[in-house]
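Residues per chain, in single letters:
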Amino acid sequence: MTPQLIFLLCDDTPLSRAIVCASAPGGLLLDHVGILDTETSTVIEANAKHGVVETSLSDFLARAPKLKGDPGYRLRRIPPYVPMDYAAAIRRARSFLCWEYNDRFVPTPGALYCSELVQRSFLLPTGLPYFRSISLNFHCSDPRAEAFWKGHYASMQMSIPQGEPGTSPTSIYAQTIRID
């Protein structure tokens, strides 16, 4: 079993635009990632509406933005030379089902955001995550995204976690390869 990672492109909602602006300025406009279990045709994901859930592939793809000439999603995988117990990664991902969505984007007990779920599911034989952390960057060139982050964190009465370790769909994507 080799699970794949499935990425959705930006759907132009305020959260989606803010994620893209903070994590991929000028890059590929990815705002969500899930783990595709090819044996069951389901996607294990952490989404803002439902938390960590297992979604049918068809329902997941129905959320892909409708773009002219583009399917609105990308499929990727971990390089084949990486020692990975994929069955354990899927079991680990399923162990997080029913956790809340982590809208703080910093480690929060019982909550995960999409790329955090992926990072915590795919561990090397050493027990360390395959996907490296990045420094979170909430400074955006788009004033709407900058305002979104300020309002988002103000509503939770917390400081913006600028520079804290984390992940993003784009950082996960950069550490994978295209499926041929």
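One structure accompanies this document, and this report is about it. (Residues numbered from 1 in each chain as written. Predicted model: local features only at pLDDT ≥ 70, side-chain atom pairs only at ≥ 80, totals over all residues. Heavy atoms only, no water.)

Points about the overall build of the protein
Piece 1. Of the regular secondary structure elements, the protein holds six helices and 10 strands.
Piece 2. A compact globule built from 180 residues would reach a C-alpha radius of gyration of about 16 Å, and the protein, at 16 Å, matches this within 12%.
Piece 3. If one aligns the C-alpha atoms of the protein with their principal axes, the spans along those axes are about 45 × 40 × 30 Å.
Piece 4. Buried positions account for 48% of the 180 residues belonging to the protein.
Piece 5. Taking the contacts inside the protein whose residues are at least 6 apart along the sequence as the reference set, 67% of them involve residues at least 24 apart.
Piece 6. Element-wise, carbon and sulfur atoms account for 56% of the exposed surface of the protein, whose accessible area totals about 9000 Å².
Piece 7. For the protein, the distance from the average site of its 17 positive side-chain charges to the average site of its 17 negative ones is 3 Å. (Helix = DSSP H or I, 4+ residues; strand = E, 2+ residues; numbered from the N terminus. Rg over C-alpha atoms; globule rule 2.2 N^0.38 Å. Buried < 20%, exposed > 50% of the residue type's maximum accessible area, 1.4 Å probe, protein only. Contact = heavy atoms within 4.5 Å. Areas by Shrake-Rupley, 256 points an atom, 1.4 Å probe, with all protein chains shown as cover. Lys, Arg positive; Asp, Glu negative; His and termini not counted. Charge placed at Lys NZ, Arg CZ, Asp CG, Glu CD.)

Here we look at helix α4 (residues 114-121)
Piece 1. Of all eight residues making up α4, seven are buried, and the element is well covered by its neighbours.
Piece 2. When α4 is considered as a whole, its buried residues turn out to be Cys114, Ser115, Glu116, Leu117, Val118, Gln119 and Ser121.

Here we look at the packing of aromatic side chains
Piece 1. Overall, the coordinates contain 11 aromatic pairs when judged by the stated rule.
Piece 2. Seen in terms of ring centroids, phenylalanine 105 and tryptophan 149 are 5.7 Å apart; in terms of plane orientation they differ by 90°. Their pairing is edge-to-face. With a gap of 44 residues between them, phenylalanine 105 in the loop between β6 (100-101) and β7 (111-112) and tryptophan 149 in helix α5 (residues 143-155) connect regions that are remote in the sequence. In this pair, the class of phenylalanine 105 matches that of tryptophan 149, namely buried. (Phe/Tyr/Trp six-rings, centres within 6.5 Å; stacked < 30°, edge-to-face > 60°.)

Looking at the pattern of salt bridges
Piece 1. Going through the model one piece at a time under the given rule, you end up with five salt bridges.
Piece 2. Linking arginine 94 and aspartate 37 is a salt bridge whose minimum nitrogen-to-oxygen distance equals 2.8 Å. In this pair, arginine 94 sits in helix α3 (residues 86-95) while aspartate 37 sits in strand β2 (residues 30-37), placing the two residues 57 residues apart along the sequence.
Piece 3. On the accessibility criterion, arginine 94 (28% relative accessible area) is partly exposed.
Piece 4. By relative accessible area, which is 2% here, aspartate 37 ends up buried.
Piece 5. The closest approach of N and O atoms between arginine 144 and aspartate 142, which form a salt bridge, is 3.4 Å.
Piece 6. Each of Asp37, Glu54 and Arg94 takes part in salt bridges that share partners, so that together they form one network. (Salt bridge = Lys/Arg side-chain N within 4 Å of Asp/Glu carboxyl O.)

Notes on the nonpolar core
Piece 1. Core analysis: the biggest nonpolar cluster contains 40 residues, and Leu5, Ile35, Phe122 and Trp149 have the highest contact counts within it.
Piece 2. Elements supplying a minimum of two residues to this core: β1 (4-9), α1 (14-23), β2, β3 (42-47), α3, α4, α5 and α6 (169-174).
Piece 3. Ignoring anything within four residues of it in the chain, the contact list for phenylalanine 122 reads Pro3, Leu5, Ile35, Ile78, Met84, Tyr86, Ala89, Arg92, Leu128, Pro129, Tyr130 and Phe131.
Piece 4. Formed by six residues, the second largest nonpolar core is a distinct cluster that contains Ile6, Leu36, Val43 and Ala64. (Core = buried A, V, L, I, M, F, W, Y, C linked by side-chain atoms within 4.5 Å.)

A closer look at the sheet that holds strand β5 (residues 73-77)
Piece 1. Pairing is antiparallel across the open sheet formed by six strands, whose spatial order is β4-β3-β2-β1-β5-β10. In this open sheet, the two edge strands, each paired with only one partner strand, are β4 (51-56) and β10 (177-178).
Piece 2. Across six bridges, the pairing between β1 and β2 is antiparallel. Note on β2: the bridge partner recorded for phenylalanine 7 is valine 33.
Piece 3. Against the sheet, α4 engages β1, β2, β3 and β4, with an angle of about 40° to β2. (Pairing = 2+ DSSP bridges. Axes fitted to C-alpha atoms, helices over the stretch in contact; angles between N-to-C directions.)

So, the environment of glutamate 45
Piece 1. By the element assignment, glutamate 45 lies in strand β3.
Piece 2. Glutamate 45 gets classed as buried once you look at its relative accessible area, which sits at 0%.
Piece 3. Taking the C-alpha atoms as reference points, glutamate 45 and serine 58, separated by 13 residues in sequence, lie 14 Å from one another.
Piece 4. Those residues in contact with glutamate 45 that lie beyond four places of it in its chain are His32, Gly34, Gly51, Val52, Val53, Thr55, Phe60, Arg63 and Leu117.
Piece 5. Among the polar contacts made by the side chain of glutamate 45, one reaches the side chain of threonine 55 at a distance of 2.7 Å. (Polar contact = N/O pair within 3.5 Å; in protein donor to acceptor, adjacent residues only side chain to side chain.)

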